[in-house]
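# Descriptive analysis of the structure
Listed below, chain by chain, are the residues.
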Amino acid sequence: MEQRGQNTNIVVNIDEKISYSKAFLLGMQHVLAMDLYIAPIIIAGLLSLDSMNTTFFIQMCFLAAGLATLIQTIGGLRLPVVQGPSYVPIGALAAIGGKLGLGAVFGSLLPGALIIAVLGYPLKWFSKAVHKIIPPLVGGTVIVIVGISLMPSAFTSIYSAPGNVGHNVLIAFVSAAVLIICILLGRKKKGYGTFFRLVSVILAIIAGTITASLFGTIDFSSVKEASWVSFPSLFPFGKPIFNLQAIVTMIFIYLVILIETTGTWFVVSTVTGSELDEKRLNRASVGEGIGCFVGSLFGGTPMTGYSSNAGIIAITGVASRMAIISAGIILVALGLIPKLSAVITCVPQPVINGIFGVVCVAIVMNGLKVIQRVVIDDRNMMVIGVPILLTVGTMVLPKEILNSVPDFANYILSSGTAVGAIATVILNLIIPQERRKTASANQESLT
């Protein structure tokens, strides 16, 4: 993989040492800006978990995200990537759990995670696959697709959040506006500009939360009810059941997740000016697989690199792995201390999603940065445009159609990101490259 452009807006480099207090603050900023608990809540609802098991399930997803982040940042990819529950497998997990039970859900997660790890080492196939099927054209398009597919969820969460819709829109607007103002103030490289850029997300969350409090939409009762400590256990939802059909389905879903998370690696690579060489890519595949495997042991769902956090790096200019390691430690603490995770879930959804909308813009623009290095001829226009069209088409697909197709198709069509990513890879492989004459050849034909 060729070296990414070094013209970046990074103010704190990947391996740059920062104080523990600054690392904690910046790590907390990443955690607060993530909608980590949304995917677990959706899955818990689809699996008909009661309130106690739902709370525990969310905690275990926090724990799994923290462990996966530490594994990937310290020993895997070794880039500032925060791991979190992927939205891609939601439909598949709900279908497997509904038909075969929770044991089959977690029994289907373990083999697929190990296969992802083996693709990196000892087989070392993953880097070769990336070079062949995920060149910059595909990686950049997947990044754009991820950003576009996430945008509607930000608006939907704002409109559907508890409380008055008008109030929610105003809260989201204030949160997004403060973030945008901080980004613009952060253009000054010295003095107050650096301060506003480093803590832009924190300031946006504070402003949005204060605005929400004026409308009485903050409820801390769950914090009072939550216990202080809750230790994890292996297979908390029952002994795993290994069903072949469920395992095969989840292996395919894992491959789609791997395409999704590779898009995030492209974002981080572009934002930080880092190189995705073969060794790093293979380590990343191992880190992804081990992180998913360990998380599944404790009752978590498949993890993926969060593009939203890559967007935060682009906004703040802080790429230090120390900050992301701190985020991983904080996530582990949230999984072990229910009162802390309850505090995070008390931040109003409009606040998070107002910020999330701006982050989606950063994701799309970084995808375009990757694509802009590619010649946009008729072939590449189709490779880029058709998957985006299919992504949007999938996002507005009526539920009646989803319910009428076979389970396997339902798993895929439930995710616009999955459809767009698969379409990008396939189109790039089947549409032949155009032969371009060199300038010297053209000159010879004229003489």
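These remarks concern the structure in this document. (Residues numbered from 1 in each chain as written. Predicted model: local features only at pLDDT ≥ 70, side-chain atom pairs only at ≥ 80, totals over all residues. Heavy atoms only, no water.)

## Overview of unusual backbone geometry
Under the convention used in this document: Strands are runs of DSSP state E lasting at least two residues, helices are runs of H or I lasting at least four, and both sets are numbered from the N terminus onward. Buried means the residue's accessible area, taken with a 1.4 Å probe over protein chains only, is under 20% of the maximum for its type, while exposed means over 50%, and partly exposed covers the values in between.
Y121 connects to P122 through a cis peptide bond whose omega is 10°. Relative to the elements of secondary structure, P122 occurs in the loop between α5 (102-120) and α6 (126-133). A positive phi angle is found at K124, which is not glycine, with a value near 60°. Located in the positive-phi region is F235, a residue other than glycine, with phi close to 50°. Take F235: its relative accessible area is 27%, and that puts it in the partly exposed class.

## Observations concerning the layout of surface pockets
Selection rule: A 1.4 Å probe that fits but cannot get out identifies a cavity on a 1 Å grid over protein atoms alone, an open set with protein on both sides within 12 Å along at least five of seven lines counts as a pocket, and a residue lines either if it has an atom within 4 Å of a point. Grid points are joined across faces, edges and corners, and a volume is the space filled by probe spheres set on the points. Any residue outside Ala, Val, Leu, Ile, Met, Phe, Trp, Tyr, Cys, Pro, Asp, Glu, Lys and Arg is labelled polar, Gly included; the first ten of those are nonpolar and the last four are charged.
In this model, the largest pocket occupies a volume close to 1400 Å³. Considering the residues around the largest pocket, the lining is formed by 46 residues, among which I42, Y87, I90, S153 and S414 are closest to the centre. When residues of the lining of the largest pocket are assigned to their parent elements, the largest contribution, nine residues, is made by helix α7 (residues 136-160). Here the lining of the largest pocket is composed, by residue class, of 21 nonpolar, 21 polar and four charged. Estimated volume of the second largest pocket: approximately 710 Å³. Around the second largest pocket, the lining comprises 30 residues; the ones closest to its centre are I41, S222, A342, T345 and C346. Elements represented by at least two residues in the lining of the second largest pocket include exactly α2 (38-46), α3 (51-75), α11 (221-225), α16 (338-345) and α17 (349-371). Counting residues per element, the lining of the second largest pocket draws most heavily on α3, which supplies seven residues. Along the lines of polarity and charge, the residues of the lining of the second largest pocket split into 16 nonpolar, twelve polar and two charged.

## Focus: the packing of aromatic side chains
To keep it simple, the criterion reads: Centres within 6.5 Å are what make two rings of Phe, Tyr or Trp a pair, Trp counting through its six-membered ring; a difference in plane orientation under 30 degrees is then read as stacked, over 60 as edge-to-face, and the rest as tilted.
Inspection of every chain in the model, using the stated rule, returns five aromatic pairs. Centroid distance F56 to F237: 6.0 Å. Interplanar angle 65°. Geometry classified as edge-to-face. A residue pair is termed long-range when its members are at least 10 positions apart, and F56 in helix α3 and F237 in the loop between α11 and α12 (244-272) qualify at 181 residues. Just as F56 is buried, F237 falls in that class too. Measuring from centroid to centroid gives 5.7 Å for F106 and F237, while their planes differ by 5°, and the two rings are stacked. Taken together, the positions of F106 in helix α5 and F237 in the loop between α11 and α12 put the pair 131 residues apart, joining distant regions of the chain. Here F237 falls in the buried class, since its relative accessible area comes to 14%.

## What about the environment of T73?
Which entries qualify depends on this criterion: We call two residues in contact when some of their heavy atoms are within 4.5 Å. Here a polar contact is recorded for every N or O atom pair within 3.5 Å, except that within protein the pair must consist of a potential hydrogen donor and a potential acceptor, and residues adjacent in sequence are included only if both atoms are side-chain atoms.
For T73, the location among the structural elements is in helix α3. Spatially, the C-alpha atoms of T73 and I325 are 6.8 Å apart, while their sequence positions differ by 252 residues. The contact partners of T73, leaving out residues within four places of it in the chain, are R78, L79, V81, R321, I324 and I325. Among the polar contacts made by the side chain of T73, one reaches the main-chain carbonyl oxygen of T69 at a distance of 2.7 Å.

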